[in-house]
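So you can see what is in the structure, the chains are spelled out below.
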Amino acid sequence: MDNVLLALYVWFSFALLFTECVGSMGDVPARVSELRMTLVFALHAALSLGLSAHIAWRRLRWVPVEGEPIVASQEAGPPYPPNIYRSSGCGWRWTYCGVTYTAEDYTPGDYLFAWEKRTTLWVDPRDPSRLLPSTWGLRLFSYLTFGGVSAYFALRLWGVVP
């Protein structure tokens, strides 16, 4: 689900940017174009804040468990990823309440975390098969950064920030 939210966030960000660029090309008064741009930045800031709050809420409510990348295990088999056509990602294995779970996360850059032997993973106590991706900190940072930039420009266009 996190990968879908990240993909939708990127797609929606580009869609908002494209909408604003196309909308400002017509014979529109400057005040209307400025209002439209303010609304686009405010909508993007609200989306970024919502996604970062979603990650922070899950991080605070879920429980930490010790996990290992599947790459480092003895049963890993062929090198991960098996061929050049498979998207990058990392598989994780963890034990919660005596039951072992595995999950794969196909997020670009996630395979960079596979060199660690053991790491802390965050799982849902109601459904331990749900895993917070290991890149949750980077996602939270990027949502807050891009959302903060959008909020700054929205406030600047609105005249609140000089």
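Conventions we followed
Residues numbered from 1 in each chain as written. Predicted model: local features only at pLDDT ≥ 70, side-chain atom pairs only at ≥ 80, totals over all residues. Heavy atoms only, no water. Patch = residues over 30% accessible without salt bridge, like charges linked within 9 Å, V, L, I, M, F, W, Y side chains within 5 Å. Areas by Shrake-Rupley, 256 points an atom, 1.4 Å probe, with all protein chains shown as cover. Salt bridge = Lys/Arg side-chain N within 4 Å of Asp/Glu carboxyl O. Helix = DSSP H or I, 4+ residues; strand = E, 2+ residues; numbered from the N terminus. Buried < 20%, exposed > 50% of the residue type's maximum accessible area, 1.4 Å probe, protein only.

J.: Would you explain a nonpolar patch on the surface in this entry?
T.: There is a patch of nonpolar side chains on the surface, built from Val4, Leu8 and Trp11 and spanning about 350 Å² of accessible area. Its location among the elements puts Trp11 in helix 1 (residues 2-23). By relative accessible area, Trp11 is classed as exposed at 57%.

J.: Honestly, the pattern of salt bridges in this entry has me stumped. Any pointers?
T.: Side chains that differ in charge, positive against negative, can pair when their charged atoms come close. Within the structure shown, the criterion is met by four salt bridges. Taking the shortest distance from any N to any O, the salt bridge between Arg93 and Glu68 comes out at 3.4 Å. Here Glu68 lies in strand 1 (residues 63-69) and Arg93 lies in strand 2 (residues 90-96), a separation of 25 residues in the sequence. A residue is classified by how much of its surface remains accessible, and Glu68, at 17% relative accessible area, is buried. The shortest N-O distance in the salt bridge between Asp124 and Arg126 comes to 3.7 Å. Residue class for Asp124 comes out buried when judged on its relative accessible area of 2%. Beyond isolated ion pairs, a larger network of salt bridges with shared partners links Asp124, Arg126 and Arg130.

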